[in-house]
Structures are given as structure tokens and as C-alpha cells.
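# Topology and contacts: notes
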Amino acid sequence: METLLYAAELVREDGAYKLVVQDVVRDTVQVTPVPESAVARLPTFLSVLSSKLGSAPGRGRR
């Protein structure tokens, strides 16, 4: 059984990016700006993180 702990969204608004992270357990939300250069590197970062943790490729929640 899965239990959702955090939900994250990368949002673009008026040309600026922000990361929105919801802590489902504590019912809180944190928002932080993200530079476009970091957004461009996100797929690489996730790939490296997965390889270091030995985790399976993302399943893609929808």
C-alpha cells in the first residue's frame, strides 16, 4: 500500500519557475523560486539521483 507523503510540482508563472512542495502529512506547502538553468538540468539531476540510490525509473503519477 502506498502512502503519499509529499507532492511536488514545478510551475511556470509569468516566465518564472517555482517549486511547490506539499507536505501531505503536516498539511503544509512550501514554495521556492527555481532558476531556469536548474529547470533545464532537472532531468539529468533526477537520473543521477536514481542511479546513486539504485531506484527504478520513475513511474509517472497522473
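Residues numbered from 1 in each chain as written. Predicted model: local features only at pLDDT ≥ 70, side-chain atom pairs only at ≥ 80, totals over all residues. Heavy atoms only, no water.

## Structural notes on the pairing of strand E2 (residues 16-23)
A regular strand places its side chains so that they alternate between the two faces of the sheet. The cut-off we apply is this: Two strands make a pair as long as DSSP finds a minimum of two bridges between them. Secondary structure elements are defined from DSSP: runs of H or I of at least 4 residues count as helices, runs of E of at least 2 residues count as strands, and each element is numbered from the N terminus.
Here strand E1 (residues 6-13) runs beside E2; their pairing, made up of eight bridges, is antiparallel. Within E2, the position partnered with Tyr 6 by the bridge is Asp 23. Connecting E1 to the next strand, E2, in antiparallel fashion are two residues, including Asp 14 with a positive phi near 55°. Direction of pairing for E2 relative to strand E3 (residues 28-34): antiparallel, over a ladder of seven bridges.

## Some words on helix H1 (residues 36-53)
Residues three or four positions apart in an α-helix share a direction because the helix packs 3.6 residues into each turn. Rules: What a helix should span is 1.5 Å times the count of its residues minus one. A residue's bend is given by the angle between axes fitted to the 7 residues ending at it and the 7 residues starting at it. Burial classes: relative accessible area under 20% of the type maximum marks a residue as buried, over 50% as exposed, and values in between as partly exposed (1.4 Å probe, protein chains only).
Taking 1.5 Å as the rise per residue, H1 with 18 residues should run 26 Å; its terminal C-alpha atoms sit 26 Å apart, in good agreement. Maximum bend of H1: about 50°, positioned at Leu 42, with proline Pro 43 one to four residues after it. Of all the 18 residues making up H1, one are buried; the element is thus mostly uncovered. Of the residues flanking the end of H1, it is Gly 54, one or two places downstream, whose phi is positive at about 70°.

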